[in-house]
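Secondary and tertiary structure notes
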Amino acid sequence: MGLGLAALGRPAYINLGHAGDLAAHTEVSALRARAHEVLDAAFAAGVRYFDAARSYGRAEEFLGSWLSDRGLTRAEVSVGSKWGYTYTADWRIDADVNEVKDLSIDTLRRQEAETRANLGANIGLYQIHSATLDSGVLEDRAVLDELARLRSEAGWLTGVSVTGAGQGETIRRALEVGAFDCVQATWNLLEPSAGPALQAAHDAGLGVIIKEAVANGRLTARGDVPVLVEVAGELGVAPDALALAAVLAQPWVDVVLSGASTVDMIGSNLSALDVAVGPDVLERLAPLAKDPETYWEERSELPWT
């Protein structure tokens, strides 16, 4: 398992209960301390992959300072970040717009310099953030050439994260392009539609990273998924641990990201590593899957808190 910093680098995010987790301690110094605390807990428990993005507020900065303070290097941890969204909320909770997407070559060049400044020699994986077929980024020769340059000259692995109801199609197009070492996608009990494409990516030798495995908190005790709660209770585990274990049980997965924003949450998430999920459990949970269009529409309506 890895740790994603989407909920740790900025004061507002779409995870259920996020505002309560931060308990109004949203000043930069408080969030830096919280990020370092959760990173410490994750590292102590064995997590070695950490995932950030330019749009996650100060996540890269917090991660970079933690690595420096702890004396950790690329030989000891794996670090990934993403380019393509710009954080625009100016550290406000009530911003009308929190991030703006632009997958152009100009954004790539600007943000790769910012990532270098924050993460230095620690960066190992650089990913397009939330590619879709209609974004055109997988057909942008200038972007693909720049990623190839980073791959050959800087030694960065290159990846593509995908989003939306067409994740599978985007992954398959990325495989055709052939410019990537890794793919990152949403796969969870509510939205498993990308599974066959992720299997294809795995078979082609790409690394597979899974994000939003607990569906922004909907697949936790905070959500409203009675079957998940019922089965978790029978197994004697937390709902989030069961949801994560169901992802870990997929044969094509390499890393599943926790999006924890507290030490207790990272502990509960990582307990998934000790949960055995067999075919019978997966069969009981399979009816939770939604139509992808419905899932992504519901996700788009989640409030930033």
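Whatever comes next refers back to the structure up there.
Residues numbered from 1 in each chain as written. Predicted model: local features only at pLDDT ≥ 70, side-chain atom pairs only at ≥ 80, totals over all residues. Heavy atoms only, no water.

**Here we look at the overall build of the protein chain**
- Across its full length, the protein chain carries 12 helices and 10 strands.
- Radius of gyration (C-alpha) of the protein chain: 18 Å, near the 19 Å computed for a compact globule of 305 residues.
- Structurally, the protein chain occupies a C-alpha span of about 50 × 45 × 40 Å along its principal axes.
- Within the protein chain, the fraction of its 305 residues that count as buried is 54%.
- Restricting to contacts in the protein chain with at least 6 residues of sequence separation, those with at least 24 account for 77%. (Helix = DSSP H or I, 4+ residues; strand = E, 2+ residues; numbered from the N terminus. Rg over C-alpha atoms; globule rule 2.2 N^0.38 Å. Buried < 20%, exposed > 50% of the residue type's maximum accessible area, 1.4 Å probe, protein only. Contact = heavy atoms within 4.5 Å.)

**Focus: the side chain of Thr262**
- Checked against the element boundaries, Thr262 lands in the loop between strand S10 (255-258) and helix H10 (263-270).
- Its relative accessible area of 17% is what places Thr262 among the buried residues.
- Beyond its immediate chain neighbours, meaning those up to four positions away, Thr262 contacts Asp21, Arg34 and Val38.

**Focus: the packing of aromatic side chains**
- What the rule picks out here adds up to seven aromatic pairs.
- Each ring, one from Phe43 and one from Trp66, has its centre 6.0 Å from the other, and the planes form 70 degrees; the classification is edge-to-face. With Phe43 in helix H2 (residues 28-44) and Trp66 in helix H3 (residues 59-70), this residue pair connects regions lying 23 residues apart in the sequence.
- Centroid distance Tyr87 to Trp91: 6.5 Å. Interplanar angle 80 degrees. Geometry classified as edge-to-face. Considered together, Tyr87 and Trp91 belong to a single accessibility category, that of buried residues.
- Grouped by ring-pair contacts, the aromatic residues Phe43, Phe50 and Trp66 constitute a single cluster.
- Above the plane of the ring of Phe43 lies Arg48, whose end atom (NZ or CZ) is 3.7 Å from the centre.
- Between Arg58 and the ring centre of Trp91, over which it is positioned, the NZ or CZ distance is 5.7 Å. (Phe/Tyr/Trp six-rings, centres within 6.5 Å; stacked < 30°, edge-to-face > 60°. Lys NZ or Arg CZ within 6 Å of the ring centre and 35° of its normal.)

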